[in-house]
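Descriptive analysis of the structure
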Amino acid sequence: MTTTGVPGPPLSQRRLRFVLGKGGVGKSTVAAALGLATARSGGRALVVEVAGQHRLSQLFSAGRVSEETATELRPGLFGISIDAERATEEYLAGQLKIRPLVELLTHSKAFHTFAAAAPGLPELVTIGKIWSLAIALREDGGAPVWDTVTVDCPATGHGIALLETAGNIEELAAGGPIRDQAARIQEVVSHPAATGIVIVARPHELAVAEAIEATQTMRGHGLPVAAAVLNGVHPERFSTDDAPALATVAEDPGPLGEAARAGLRHLERQEDDDAYRARLAAETGLPVIDLPRLVRRRMDLPALELLADALAAGVPGAEPVR
Amino acid sequence: MIHDLLSRRLVICCGTGGVGKTTISAALALRLAQGGARTVVVTIDPARRLASALGMSGLSDEPERVPAGALLGQGTGELWALQLDAKATFDRLVSRYAADEEARTRILENRIYRHLSGAVAGAQEYMAVERLNELVEDGRFECIVLDTPPATNALDFLDAPQRITRFIEGRALRLLLRPGAVGGAGGLGWKILHAGSGTVLSLLERLTGAQLLRDVSDFLAGFDGMYQGFAERAEAVRALLLSEQSGFVVIAATEPDSLGQAVALSERLTADGFPLAGVILNRVHPLPPGDPPAPQELARALAGAGAADAEALAANAAAALADERVLGLRDLEARRELHAAIGSGGLIEVPWFAHEPVELPGIAEVAAVLAL
């Protein structure tokens, strides 16, 4: 959808995706469905969860997703969970090379004081780990390990903090390895050819308002927002032409009236959804992808497949161009 | 439950993201104001959601009167709202405890401080608690309703004061790095004075660069002498939150995940000794009464009412009704589960509204079902 004026290639061609939005809008589901879309077209997809959410294991009824290595959830679809503490140790090990030195540091009080006082250190090691996954190359031949890396971000405010952290540290530290590291991470995270941020909303006032504001904030910080997802859109079952007949039958006190009233309520929600979609598109300038509202007791794999279909249809080439 | 809340100074609304915390907080505050209390609702959310829920163009760090006159009736109650500005609160706290003007400026202008107070999530949560403290001291309000910040762990903000004071206390680094403490010596001087930690510091410096480490040390040194004040305040807030002056309200949505988290949250609050006032089950879908109509009969009725393609329309109306049944059954089960887990005392249900409850009339609709 190059017509919308969003800089950069379509989402499909960006390896690193961050899925962001208000709490409860379905970020985990969208992240998993994006990964599933890659896997189904033959790519290798990694879905990353942060801050101990463990939603992936629930979605795929798998055992706990590992914090160490990627766990295969479905053919071609892998999950990993990033824990800031473990990522810090990994980072230190990579920098210091010598194991006893790492232990000396992580066991010292001075280090913990520093870690608590240095703003955004847990976020930095988290985004650093994500970055290293996104740029990892296979040992044979140097092709990327992952065709797509999709991050299920924490809720809006904390999610934006995660995305901004490398830029902040780059600004904060005048020199030294941490600054260099932050600069390398920031280069990838802010580059529209490499990274795409997907902002998720539900067709509700507060979620849409938050998505619009988050998009503006992130653009202001030079972060590449690529698409918006409107999750839970009522299927188009009725048109306004149906309203008079439904309204007449709705007068019936029995089951007929009940069904007609359910139809009218659905029509109202359809109209609300349309209004929210229009507002989201107009105020963000983003392509808006609809995900259908799936009425069931619990999100499950067949439901996820349906959402992956909708994403594949909604994003031109949601599947990777290989 | 509402009656019980009227006797508390602080009402803390917690729950995971997306359960409707902001809307319920606003509605609870309106209900308390209708009950005669001068009430303020506080949100930490930077996304201006409370303002839009109250139909106001914006909110600031100072309480503003919500134009709810007609909704409040003849009582003496008032409704106010404020949106937390974490940075402003932190600045005030620093000003309060800084020994002198120089110490104050030194912190406020430190680069680490500027990033910390504005951007870091933990600091925001701490400031929410601190703002509560200020409002209690202020004495203007009989009821203070807090819409807690969204967090993976909904109780993060309760631990925030302890976390922040712990780090300000961080003596190890402060003593080691305080400029002047080792006669202005560089890395070598530290090593000589503190042989054990010297290695650690040089390792740290290798990672961070000397300048960042110096900034952090300056920052920590700036708080010297303020620790006591911070710690006392953190302790005071905690005591208030644990006392009968506070009431925690857990907000749950009917989706299975959300329900489980709400139960866990209630259990943890109780286990930690925080006074749980009740649970609100939000957006409960009613179960449509009776059996679904026979398809042909519905199609005939719609055809009689002038529908063009009555059969297709009947199928769609039946599908809409079937959706409502699925959700109605799911929510019945949610209610049953919640009853089993927490008992029926202190449980309030808020129905799902066909139109999203926004702006003051919407909030008033929700407030109306929060029975006294």
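Our subject is the structure that appears above.
Everything quoted here is computed from the prediction, not taken from an experiment.

**Structural notes on the overall build of chain A**
Scanning chain A from terminus to terminus reveals 12 helices and 8 strands. Computed over C-alpha atoms, the radius of gyration of chain A comes to 22 Å, within 12% of the 20 Å expected from 2.2 N^0.38 for 322 residues, which places it in the range of a compact globule. C-alpha atoms of chain A, sized along the principal axes, occupy 80 × 40 × 40 Å. Looking at chain A as a whole, 55% of its 322 residues qualify as buried. Across chain A, every contact between residues at least 6 apart in sequence was considered, and the portion connecting residues at least 24 apart equals 71%.

**Some thoughts on the pairing of strand β4 (residues 78–83) of chain B**
Residues and elements named next belong to chain B. Within β4, 5 of the 6 residues are buried, which leaves the element mostly enclosed by the surrounding structure. The pairing of strand β2 (residues 38–43) with β4 spans 6 bridges and is classified as parallel. Residue pairing for β4: threonine 43 is matched across the bridge by glutamine 83. Pairing geometry for strand β3 (residues 64–65) and β4, over 2 bridges, is antiparallel. Looking at the pairing, arginine 65 lines up with tryptophan 80 of β4.

**Here's the deal with the sheet that holds strand β8 (residues 288–292) of chain A**
All names here are of chain A. Ordered by their spatial adjacency, 8 strands build an open sheet running β3-β4-β2-β5-β1-β6-β7-β8, and the pairing between neighbours is mixed. Of all strands in the sheet, those with a lone pairing partner are β3 (71–74) and β8, marking the two edges. Along the sheet, successive strands turn relative to each other by an average axial angle of 25 degrees, direction set aside. Direction of pairing for strand β7 (residues 225–233) relative to β8: parallel, over a ladder of 5 bridges.

**Side note on helix α9 (residues 205–220) of chain A**
All names here are of chain A. The end-to-end C-alpha separation of α9 is 23 Å, in line with the 22 Å expected for 16 residues at 1.5 Å each. Looking at α9, one finds that the buried residues are Glu205, Leu206, Ala207, Val208, Ala209, Glu210, Ala211, Ile212, Ala214, Thr215 and Met218. Immediately downstream of α9, the backbone of glycine 222 shows phi near 70 degrees, a positive value.

**Observations concerning the packing of helix α2 (residues 21–34) of chain B against helix α18 (residues 359–369) of chain B**
Residue and element names in this part refer to chain B. At their nearest, the axes of α2 and α18 sit 8 Å apart, and the two run at 70 degrees to each other. The angle between the axes of α2 and α18 places the two elements in the roughly perpendicular class. Both α2 and α18 take part in a crossing whose hand is right-handed. Mapping the contact onto sequence places Thr23, Ile24, Ala26, Ala27, Leu30, Arg31 and Gln34 in α2 and Ile363, Ala364, Val366 and Ala367 in α18. Here the contact of α2 with α18 is built from residues that sort into 8 nonpolar, 2 polar and 1 charged.

Conventions we followed
Residues numbered from 1 in each chain as written. Chains lettered and ligands numbered in written order. Predicted model: local features only at pLDDT ≥ 70, side-chain atom pairs only at ≥ 80, totals over all residues. Helix = DSSP H or I, 4+ residues; strand = E, 2+ residues; numbered from the N terminus. Rg over C-alpha atoms; globule rule 2.2 N^0.38 Å. Buried ≥ 20, exposed ≤ 12 C-beta atoms within 10 Å, placed from the backbone. Contact = placed C-beta atoms within 7 Å. Pairing = 2+ DSSP bridges. Axes fitted to C-alpha atoms, helices over the stretch in contact; angles between N-to-C directions. Expected span 1.5 Å × (residues − 1). Parallel < 35°, antiparallel > 145°, perpendicular 65-115°, else oblique. Left-handed = near helix turned anticlockwise from the far one by under 90°. Nonpolar A, V, L, I, M, F, W, Y, C, P; charged D, E, K, R; others polar.

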